[in-house]
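Coordinate analysis (summary)
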Amino acid sequence: MQRIGVFVCHCGSNIAATVDVKKVAEMALMEPGVVHSEDYQYMCSEAGQAKIAAAIHEKGLTGVVVCSCSPRMHETTFRKAAERAGLNPYMVEIANIREHCSWIHKDIEEGTKKAVILMRAAVAKVNLNAPLQAGESRVTKRALVIGGGIAGIQTALDIADAGYEVDIVEKTPSIGGRMSQLDKTFPTLDCSACILTPKMVEASAHEKIKIYTYSEVEKVSGFVGDFMVDIRKKARSVDMDKCTGCGVCQEKCPSKKAPSEFNRGLNTRSAIYTPFAQAIPNVPVIDREACIKFKTGKCGLCSKVCQAGAIDYDQQDEIITEKYGAIVVATGFDTINLDKYDEYAYSQSKDVITSLELERVMNAAGPTHGHLERLSDGKAPKEIVFIQCVGSRCSDDRGKPYCSKICCMYTAKHAMLIRDKYPDVNVTVFYIDVRTPGKNFDEFYRRAVEQYGVNYIKGQVGKVIPQPDGKLLVQGSDLLDNRQILKEADMVVLATAIEPNPDVRKIATMLTASIDTNNFLTEAHAKLRPVESPTAGIFLSGVCQGPKDIPETVAQAGAAAVKAIGLLAKDKLLTNPCTAQSDILLCNGCSTCENVCPYGAITYEDKEVNDHGIRETRRVAVVNNALCQGCGACTVACPSGAMDLQGFSNRQIIAEVDAICR
Amino acid sequence: MSLENKEFKPKIVAFCCNWCSYAGADLAGSSRLSYPADVKIIRVPCSCRVNPMFILRAFEKGADGVIMCGCHPGDCHYSTGNYYARRRMTLLFSMLDYIGVENGRTRVEWVSAAEGVKFSETMNSFVEKIYSLGENVRLGDLRCKN
Amino acid sequence: MQELINRAKELLADGTVARVLGWKAGDLPYNPEPAYFETAEAMEDFVYNGFCGANLSKYMIEASRLEGKTLVCLKPCDTYSFNQLIKEHRVDREKAYIVGVGCKGKLDIEKVKKQGIKGIESIGGAEIADEAETLTIQTIYGEKTCAYADVMLERCHVCKGKDHMVYDEIIGESKETKDAERFDEVARIEAMSPQEKFAFFQKELSKCIRCNACRNACPACSCRKCVFDSNKFDSSQKANVDTFEEKMFHIIRAFHVAGRCTDCGECSRVCPQGIPLHLFNRKFIKDIDELYGEYQAGEDTDSKAPLTNYTFEDAEPSIVGKRG
């Protein structure tokens, strides 16, 4: 029989306000095995932990139940406290009477009743707990960064600077990401490329960094400290070692009709291409969909003009398998599809563009070579209307419920830059709110209004109607003056909501990292562990976790790097001892468990068993505790009940069920 | 509903996987999104840890409803656990339905760690369903001698 | 039958097999029982007729541990069970010399008795070689007859076919006896109201005396120790006590063999209370076929079983309520 102590936390008034904690403690004494109970203001405080330690010593406790907040919060705290007092940490269980009880129930009688039942279930479980020992697993001292934008580059640089090997996997032919597409950056207005390219060069030159561009993560197995990743290096059709990056192939390529991804489809590129001038690596890729040679078998001009002989039409995709200790996701974002926003005439008029498209229009390397012109007729616009929150803060399913965070600032930037370069152009911004929380942000916005005379109108735009003369009629409302506005514009710019890169779903599935309803990766704790995924060994960098601007992204990238470094610096990790175990006397050797194990942790061996005096050799399941992650799939697949999960055994769970239904 | 139902306090067991649904329940709690106290949560590492034996045991011991929550398909912390759980529960629920146990007493919902609202809504709707079904007598009576 | 006996004697004599696993006559004309024969003399007791319904595959779990090969007589439907046992590493294919025996449908003595035939002394026409469509039964009240097809086991009316899935040689002809649809009975129950379903199963299950005959005969129910006999789930056997495992025994048993059950029908054949236990297993098979694609356990030895398999698009459990 266990000797169990029950400790009931008030959590200030968080629990005590709707749960009679004294009553819970009192009722605990009536449970089998309970020899001690007490309540205290803050069980997680040092004084609270000391009470647990004291009771373990004085009453000779063999098990502890703490009725407190979620085990996801303080299970580790209490287990460590028990361990320090000489108790096996796995003899501690938590009854969650805060998140699952006091915070959701208002009636103290009801709350107390439920808390007592939750306490009983935990006591029933601890009665069947057994001491467990954590094992050890090794750490591969190499990190993988998925995504080669500013977030990925910064994370890789920081990890590499700490002395660890890092691989960057980037889907497109070059690193640089969204930031490489931006013209200027707020609130300092420095040139995006000018501050980004040195970082790209630094990353590519770093001896600890290996960059796989035009590559994708294909498969991930393993676990924290020991991930095994398959990377698909897509066939570039150009030998990266031979290519000198002279660019002749791109000039000569006769197929020039493929939309330029880098310029958001506003102009075209050749079939063999580097996405932009400063691309790293400066090695082109053949777009096999657009290439005449691949489509018809005829052409081969690039191969003929390539002095280096780098063109290789027969190149195949290559799978690289590498081991990593930590993985950082930095998959970034895209703008949302505007098909559902017909009222803004985005698909009808070339002069209605997204802000990211405007970045390309304003950029010297863009489709208009940096001249502000209408994409329909090349004329200089005189009247530009910006529409804010297109798809952001949206209550229906056309857009996103969240604020995309960067739009207010980049619109102020665009407005300011246009007014600065083209003082004769009128700029009007329709906004819901202007959100400028950030260092020097509000000052920046006020400059746009006060110094540059940008016309901000609080109100939404209902419709943009293309006119026969090519102008755009903007119908909006001015909420402050309470009047309808009809405005003729030459160009309309939509501050389009951003969303996580659509590929992130696939990646999250491979990494078993959780994702929220908006496809942003979930952090382990919204406040306290914002750069870690709940899945151990997976870290989050940049917009894949939530909308952010460049300085925030860089800060988070560094934080993710620090977390990864903290992991890589360890030689060994303690493994979760709540693993499956097979009872060889009950095992049929049927292999059913092996078939459902996602980690290949179960193997079959011929073992000599002594079954009540009968010695024989049997085929039995053996669990590799270093590989087992403790999901329990095998325990249910096993018909005989030979397979059980330590810490969540059949009998423990049934005891909880019984306690709840009592 | 009848008068005696006002007295009826159902026993409802919710199996929640540690990584998504239990965290979703925590979020419902910290967001103060209430649901009836009839629901008691049992934490399991993964929905694939839920043995049909546990569910039948709960009914045998007097539970009026059993709900299992796990990560959304594709998002399982252990990659594939909820896929197996989904097949197991589908077959089990179908069997219970086949022997005449009201289908509404069993449910599976996928609730992510970010879906505190969904967790609370799910529990509210499930409890409402159990109230409408009333006390569970059939499973307990299944083998009563005639 | 004689061909079978001769061949068995031959294989015993040349040392190919150490024993023969077949049937010997019981104390009544209609209850032959599984038996081992180790010598040619012992083979004199060997019988094979229409009452040899017993599926011998399960005996091969034991026989696989014995010295030497065992000649095992398997009817077409038994070979599915044998394959399934190979798949689960429970039997050793190398230890078995499989003689696929012909089958023209197996008989259900309860159906004979239900026709009012009592005091049975001998039965003619049940021999496998006999092509007779009629059973001639000598009783203390005189000679009676009944049509063979009318007194066949339920499982033979939904016969999976006359092909053996695994064998070393085949002796004797098999006959297709299927004249009913396998899932009709399940579908009929599915169409009932919850009250009717409940009443039906309560009536049937209330007959159960927990004798475990179903479990003992079932080739899929072959755990070294059944969960209902171990303390792993706090559910060890408490016979005649109205507890969880008593009530849930049949549901859990069916669940444990779901995706592994070949629908051999032994559970229903051996039930002394006449409970149509196959209706549980067949419900799972029907659901599996409908939800996850047609699957016949024991058809092969390497396909993925439905419960150890999945697809992203699998039906949600809520489909149960939606199907009505």
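Residues numbered from 1 in each chain as written. Chains lettered and ligands numbered in written order. Predicted model: local features only at pLDDT ≥ 70, side-chain atom pairs only at ≥ 80, totals over all residues.

What about the overall build of chain A?
The helix and strand inventory of chain A stands at 18 helices and 34 strands. A principal-axis box enclosing the C-alpha atoms of chain A has dimensions of 90 × 65 × 40 Å. Here chain A holds 662 residues, and the buried ones make up 53% of them. Partitioning the contacts of chain A with sequence separation of at least 6, the portion at a separation of at least 24 is 71%. (Helix = DSSP H or I, 4+ residues; strand = E, 2+ residues; numbered from the N terminus. Buried ≥ 20, exposed ≤ 12 C-beta atoms within 10 Å, placed from the backbone. Contact = placed C-beta atoms within 7 Å.)

Observations regarding the domain arrangement of chain A
Residue and element names in this part refer to chain A. On domain assignment, one finds that chain A holds domain 1 (4–126), domain 2 (142–231 + 318–332 + 501–568), domain 3 (248–305), domain 4 (335–498) and domain 5 (580–646). Tallying the contact residues gives 6 residues for domain 3 and 7 residues for domain 4. In the side of domain 3 that touches domain 4, the residues fall into 3 nonpolar, 2 polar and 1 charged. (Domains from an automatic or database assignment. Nonpolar A, V, L, I, M, F, W, Y, C, P; charged D, E, K, R; others polar.)

Examining the sheet that holds strand β10 (residues 209–212) of chain A
Residue and element names in this part refer to chain A. Taken in spatial order, the 5 strands make up an open sheet running β10-β7-β6-β18-β29, and their pairing is parallel. What marks the edges here is a single partner per strand, and that holds for β10 and β29 (538–540). This sheet shows a mean twist of 20 degrees between the axes of neighbouring strands, independent of strand direction. Summarising the sheet, strand β6 (residues 142–146) and strand β18 (residues 326–329) pair through 4 bridges and their orientation is parallel. Bridge assignment links Leu144 to a residue of β18, and that residue is Ile327. Along the sheet, helix α15 (residues 550–568) makes contact with β6, β18 and β29, crossing β18 at roughly 170 degrees. (Pairing = 2+ DSSP bridges. Axes fitted to C-alpha atoms, helices over the stretch in contact; angles between N-to-C directions.)

Focus: the pairing of strand β3 (residues 65–70) of chain B
Residue and element names in this part refer to chain B. β3 sits mainly inside the fold: 6 of its 6 residues count as buried. When strand β1 (residues 12–17) meets β3, the two strands line up parallel, connected through 5 bridges. The residue of β3 that forms the bridge with Ala14 is Ile67. Crossover connection from β3 via helix α4 (residues 81–98) to parallel strand β4 (residues 106–110): handedness right-handed. (Right-handed = clockwise from strand over helix to strand, strands pointing away.)

Description of the nonpolar core
Residues Val6, Val24, Val64, Val65, Cys67 and Met119 of chain A together with Val13 of chain B are the most contacted members of the largest nonpolar core, which totals 174 residues. Counting 114 residues, the second largest nonpolar core, distinct from the first, contains Ala156, Ala330, Val361 and Ile538 of chain A. (Core = buried A, V, L, I, M, F, W, Y, C linked by C-beta atoms within 7 Å.)

Considering helix α6 (residues 150–161) of chain A
All names here are of chain A. Helix length check: α6, at 12 residues, gives a terminal C-alpha distance of 16 Å against a target of 16 Å (1.5 Å per residue), a fit within 8%. Counting buried positions over the 12 residues of α6 gives 11, a clear majority of the element. Along α6, the residues that are buried comprise Ile150, Ala151, Gly152, Ile153, Gln154, Thr155, Ala156, Leu157, Asp158, Ile159 and Ala160. Of the residues one or two after α6, Gly163 is the one with positive phi, at around 100 degrees. (Expected span 1.5 Å × (residues − 1).)

Comments concerning the interface of chain C and chain A
Reports often express the size of an interface as the amount of accessible area lost when the parts come together. On the chain A side, the residues contacting the 14 residues of chain C number 17 residues. Partitioned by chemical class, the residues of the side of chain C that touches chain A number 3 nonpolar, 4 polar and 7 charged.

Some thoughts on the confidence of the model for chain C
As a general rule, the predicted coordinates of low-pLDDT regions are not to be interpreted in detail. For chain C, mean pLDDT is 90; residues scoring 70 or higher make up 94% of the total. Interface scoring of the predicted complex returns ipTM 0.94; its pTM is 0.78. (pLDDT = per-residue confidence, 0-100.)

Thoughts on the interface of chain B and chain A
Every contact between the two is made by 46 residues of chain B and, on the other side, 45 residues of chain A. Of all the secondary structure elements, the ones that give two or more residues to the side of chain B that touches chain A are α2 (21–30), β2 (39–44), α3 (52–60) and α4 of chain B. For the side of chain B that touches chain A, the element with the highest residue contribution is α2 of chain B, accounting for 6 residues. Residues that form the side of chain B that touches chain A fall into these classes: 24 nonpolar, 11 polar and 11 charged.

Notes on the environment of Lys379 of chain A
Residues and elements named next belong to chain A. Among the secondary structure elements, Lys379 is positioned in the loop between α11 (355–362) and β21 (383–390). Judged by the 12 C-beta atoms lying within 10 Å of it, Lys379 is exposed. Sequence separation of Lys379 and Phe294 is 85 residues, and the distance between their C-alpha atoms is 38 Å. The contacts of Lys379, once residues within four sequence positions are left out, are Glu373 and Arg374.

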